[in-house]
Amino acid sequence: MADLKTVGTSVPRKDAIEKVTGSAEFIEDRYMGPMLYAKMKKSTVAHGKIKNIDTIRALKHPGVKAVLTGKEYPNRIGLYLIDRTFLAVDKVRFWGEPVAVVAAVTEKAAAEAVDLIEVEYEELPGVFDPREGMKPDAPIIHEDLANYEIVPIFYPEKGTNIANHFKVRKGDIDKGFAEADKIIERDYYVPQMQHVPIETHKAAVQWSLDGKLTVWSTAQSPNVVRQLLAKSLDMPMHKIRVISSYIGGGFGCKAGASIEGLLVPIAQKFPGHIVRIVFNREEDMQGTFTRQALYSKLKTGVKKDGRITALQYEMVWDGGAYTEYGVNIVRAAGYSSTGAYDIPNVKTDSYCVYTNNSIGGPVRGFGMCEMQWGIERQLEEIARELGMDPLEVRLINGMKKGSTTASGQVIHDLDYDKCLKVVADKIGWGKKEESRDGKYRGKGIAGLVKCPAQPSNAASSAMIRINEDGTAHVMIGATEMGQGMLTAISQIASEALHIPVDKIDIKVPDTDFTPYEWQSVGSRITYTCGTSVKRAAEDALGQIYRVAADLLETPQEDLSFDGKKVFSAKNPDLTATIREVADSCKKCTGEGIAGPIIGRGSFVPTNMTNLDPETGQGNPGLFYCFGATGVEVEVDPETGVVKILQLACSIDAGKAVNPQLCTAQLHGGTIMGLSTALYEEVRFDKGIMLNRNFTDYKIATIDNTPHMDSFIVETPETNGPYGARGIGEQPMIGVAPAIANAVSDALGVDFNTFPLTPERVWQAIKNKK
Amino acid sequence: MTEKLVINFTVNGEKEEKEVIIGQTLLKFIRDELHLTGTKEGCEIGECGACVVLLDGKPVNSCLILGVELDGKDLITIEGLSKNGELDRVQKAFIDHAAFQCGYCTPGMILAARALLDRKPNPTDEDINEALSGNLCRCGAYQEIREAVKASAEKK
């Protein structure tokens, strides 16, 4: 692949000018016509029966057009487990759950009317800790769990709060522990976090009298919104159009479908009007997906030489009130439960448990940050017990070519060792810095791995239209939420089509015009959409050669295309401009040869399988992306403040399609990881989310962003486009354990949870004394 | 009825006279009445900086200011930063350094950076950190933003 022209270069972002001039269109920036504004009435109890909803006063309020409750609109929706309704029906399961929605001619009138709705509840005992929720006498949150429709790769336990129990049984766990010289066992806890994209969730819908539903949404996946709405509303897909604008950050919280359907019955009452809902910051934090908390027990058996012989992992996830999406996070954490390490004997039980906390769901990392926190902390403890170097323990057990995952999948394309070594070298691993000015210094390292968690048949497709002048339009269904997809995908198209990247136009999707893409999640788009686009480009290029061969009356095999003209390698006189080929090509006699060129390509994985229900064995990974984080910290024992002195990150991108944007993703993920490591934790009091704004829920700002050193490793992905694999989520995974390992190194104190707030660190120092 | 006041102001170099609803925030006025949608809403309570505009050259969170306060003032929004089809240095540097991802915080970030550079043409890292600490970027482009602002400083 030495002669790549566009792939591997840092061309400027396709959305650059729009984004720096404020002209990039986000959904709220579109003037849409006659509008109605929607506001939600939200539950004031975490678990309770709805006795009565009085909407009379709200309906009479000036400007109000409609009020809708769950009783009138009990339709269900869900990605994997259909356990959700748009509005609570008969009972509420979390604090802040929408129980009614008001539409009015102004946002103000809608908000005022919401306050006039009176809801009577009969409060029920709640479940706020999933470990309590698993007990036989726990209050049941979804009485109908056994009757819910579910994708048959998940295993709910009838009559309980367990929405999924995923098992891994690899090798012989008893034998593995029997072989071990030491057994280490600890509990870990990872709290909930929030994505807080700066753009909140928004949606608008319009109903036409011909039965067409148009939806504008901040959703990461317009095709999934269309698919789930079609099912929920029993509508044919060609009557639903979902339009995606630029998205102001996703990080998983805008995956699947949620708020769009809330507005449909109101839109149906007012054809031609556009009914819009905009979540405010508090609604966004409390009413959308939250990262599931994880309570885990991890036990490893290890030989004196550092080789791990057995791993037993019990994970209890706080699925929250609805787990339509969360069940798959629990599954992914299960089948990946050895992290970046090759361990022969594994027993894992991963439980998704309903609680009356906010809805659990996908967040950058999809369970890997939470699950690998335990692994990467425990490796530190193993190293200490054995008196070994923590890097050495990682290198001994780390996956290599031919290693198997927890699910028994064999991995080929990786260089995990290199990922670890580059960050270790950068931070001066092995050189202990002395404490200065009474402050302690320490170094830590952590590895990471993730594959996309997607159904084995999650598909992708692309079309490329060649214009009369030889420029091109690439049409895809992936969304642009900052990751740089538009640019990377254009580069892949350019490379395969030989047309320069600045002559290629690409837009965000509209399901009426752009072809199918499952979801822009799981760091999969570069690979899946990239493969489709490469195939579409090859298809178009093939047509260019066929048409040119006819025109020039010469064999196709002799032809080359340089982006401007097609020419024969054998006869320099035989040449045709791309315009001559692409513009409804005809012979000199006037007889037509071919019409406009349209390339098409599609993709579905062929290397993935179902997993055995009892052992979890099989191939769930489309590709595996490895990386590492290295950190040096300075801890002030007086205040507990952790200062980051060095932060190095590496990722094995296979092939960085655009090195500058790849590095930007690597940095962005690392900063999000740092933010969760030091600051972020959603606090609940009996289901009530206490920190629902940026004052109470702090995220990293520029003034606490240290300098980062980044390393892109390139071990080609055999089936990825030009060897590329996705890297968007991965950089976040190793940061929290690397920082905790560094703080442990500095203080000789262990942490089984994060964030490492000054209070927590100071307390740990105090307890040690 | 909603009460309105007539105000006079300059927006992106043009003199304007408009009615403003009393009680409406400057952010809503800019987006809903002036239709300058480059100014973004992220929190409505002055925490995120997505709605930063320049008022008499100073960066302000437009969600915390009333529209009526625009009377007699000079307003610059992101739409007014490029002149005669030429991008501002800061805008160019943001592109060169990939200093944005989703782009939602970018208008506010760029205007806050512009205000810093107008005040301090050659800012240090600390100056940049301080001036932009009220602008949240969840994509985590901070390192690139810092580089972009430094690159748009006046050449020494």
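Residues numbered from 1 in each chain as written. Chains lettered and ligands numbered in written order. Predicted model: local features only at pLDDT ≥ 70, side-chain atom pairs only at ≥ 80, totals over all residues.

### Quick look at the pairing of strand S2 (residues 14-21) of chain B
Residues and elements named next belong to chain B. Here eight bridges tie strand S1 (residues 4-11) to S2, and the two strands are oriented antiparallel to one another. When the sheet's bridge partners are listed, Asn8 is paired in S2 with Glu17. The turn linking S1 back onto S2 is made up of two residues, and Asn12 within it adopts a positive phi angle of 50 degrees. (Pairing = 2+ DSSP bridges. Helix = DSSP H or I, 4+ residues; strand = E, 2+ residues; numbered from the N terminus.)

### Concerning the environment of Lys42(A)
Residue and element names in this part refer to chain A. Looking at the element boundaries, Lys42 is found in strand S1 (residues 35-42). Given 20 C-beta atoms within 10 Å, Lys42 falls into the buried group. Between the C-alpha atom of Lys42 and that of Glu97, which follows or precedes it by 55 residues, the distance is 5.2 Å. (Buried ≥ 20, exposed ≤ 12 C-beta atoms within 10 Å, placed from the backbone.)

### Looking at the interface of chain A and chain B
Interface size is commonly expressed as the accessible area that is lost once the parts come together. Taken together, the contact pairs 44 residues of chain A with 40 residues of chain B. Across the side of chain A that touches chain B, the residue classes tally to 20 nonpolar, 17 polar and seven charged. (Contact = placed C-beta atoms within 7 Å. Nonpolar A, V, L, I, M, F, W, Y, C, P; charged D, E, K, R; others polar.)

### Quick word on the sheet that holds S1(B)
Residue and element names in this part refer to chain B. Strand order in the open sheet made by the five strands is S2-S1-S5-S3-S4, with mixed pairing throughout. Either end of the sheet is taken by a strand with one partner, and the two such strands are S2 and strand S4 (58-61). Strand-to-strand twist across the sheet, computed as the mean angle between neighbouring axes with direction ignored, equals 40 degrees. Where helix H3 (residues 106-119) meets the sheet, it contacts strand S3 (52-55) and S4, and its direction lies at approximately 35 degrees from that of S3. (Axes fitted to C-alpha atoms, helices over the stretch in contact; angles between N-to-C directions.)

### Description of the nonpolar core
Residues and elements named next belong to chain A. Counting 305 residues, the largest nonpolar core has Ala38, Val102, Ile464, Val474, Ile489, Ile739 and Val743 as the members making the most contacts within it. With 13 residues, helix H14 (residues 525-552) is the single largest residue contributor to this core. Excluding anything up to four places from it in sequence, Val474 contacts Ala462, Ile464, Ile489, Ser490, Ala493, Ile504, Ile506 and Val533. (Core = buried A, V, L, I, M, F, W, Y, C linked by C-beta atoms within 7 Å.)

### Remarks on the domain arrangement of chain B
Residue and element names in this part refer to chain B. For chain B, the assigned domains are domain 1 (4-78) and domain 2 (89-151). The centre of domain 1, based on its C-alpha atoms, is set 21 Å off from the matching centre of domain 2. Facing the 14 residues of domain 1 at the interface are 12 residues of domain 2. Contributions of two or more residues to the side of domain 1 that touches domain 2 are made by S3 and S4. In the side of domain 1 that touches domain 2, the residues fall into eight nonpolar, four polar and two charged. (Domains from an automatic or database assignment.)

### A short note on H3(B)
For H3(B), built from 14 residues, the straight-helix expectation of 20 Å at 1.5 Å per residue is met to within 8% by its first-to-last C-alpha distance of 20 Å. Judged by how many residues are buried, H3(B) sits mostly within the fold: 12 of 14 residues are covered. Among the residues of H3(B), those classed as buried are Thr106(B), Pro107(B), Gly108(B), Met109(B), Ile110(B), Leu111(B), Ala112(B), Ala113(B), Arg114(B), Ala115(B), Leu116(B) and Leu117(B). On its buried face, H3(B) sits against helix H1 (16-21) of chain A together with S3, S4, helix H2 (89-96), helix H4 (125-132) and helix H5 (142-151) of chain B. (Expected span 1.5 Å × (residues − 1).)

### Details of the sheet that holds strand S8 (residues 118-123) of chain A
By definition, the strands of a sheet pair up through backbone hydrogen bonds, in either a parallel or an antiparallel sense. All names here are of chain A. Strand order in the open sheet formed by three strands is S6-S2-S8, with antiparallel pairing between adjacent strands. In this open sheet, the two strands that pair with only one neighbour each are strand S6 (91-92) and S8. As paired elements, strand S2 (residues 48-54) and S8 share six bridges and run antiparallel to each other. Residue pairing across strands places Gly48 opposite Glu123, the latter belonging to S8.

### With respect to helix H10 (residues 368-386) of chain A
Turn by turn, an α-helix covers 3.6 residues, leaving residues three or four places apart pointing in a common direction. Here H10(A) contains 19 residues, and its C-alpha end-to-end distance of 26 Å stays within 8% of the 27 Å for a straight helix at 1.5 Å per residue. For H10(A), the buried fraction is high: 14 of the 19 residues fall into the buried class.

### With respect to unusual backbone geometry
All names here are of chain A. Backbone torsion omega between Phe754 and Pro755 reads 10 degrees, so that peptide bond is classified as cis. Among the structural elements, Pro755 can be located in the loop between helix H17 (735-747) and helix H18 (758-768). Of note in this structure, Phe251 is not a glycine but carries a positive phi near 60 degrees. For Phe251, the location among the structural elements is in the loop between strand S13 (240-244) and helix H7 (264-269). Even without being a glycine, Ser523 presents a positive backbone phi close to 55 degrees. Relative to the helices and strands, Ser523 resides in the loop between strand S21 (504-506) and H14.

### Describing the environment of His61(A)
Following the sequence through the fold, His61(A) ends up in the loop between helix H2 (56-60) and strand S3 (64-69). Sequence separation between His61(A) and Ala110(A) is 49 residues; the distance between their C-alpha atoms is 8.8 Å.

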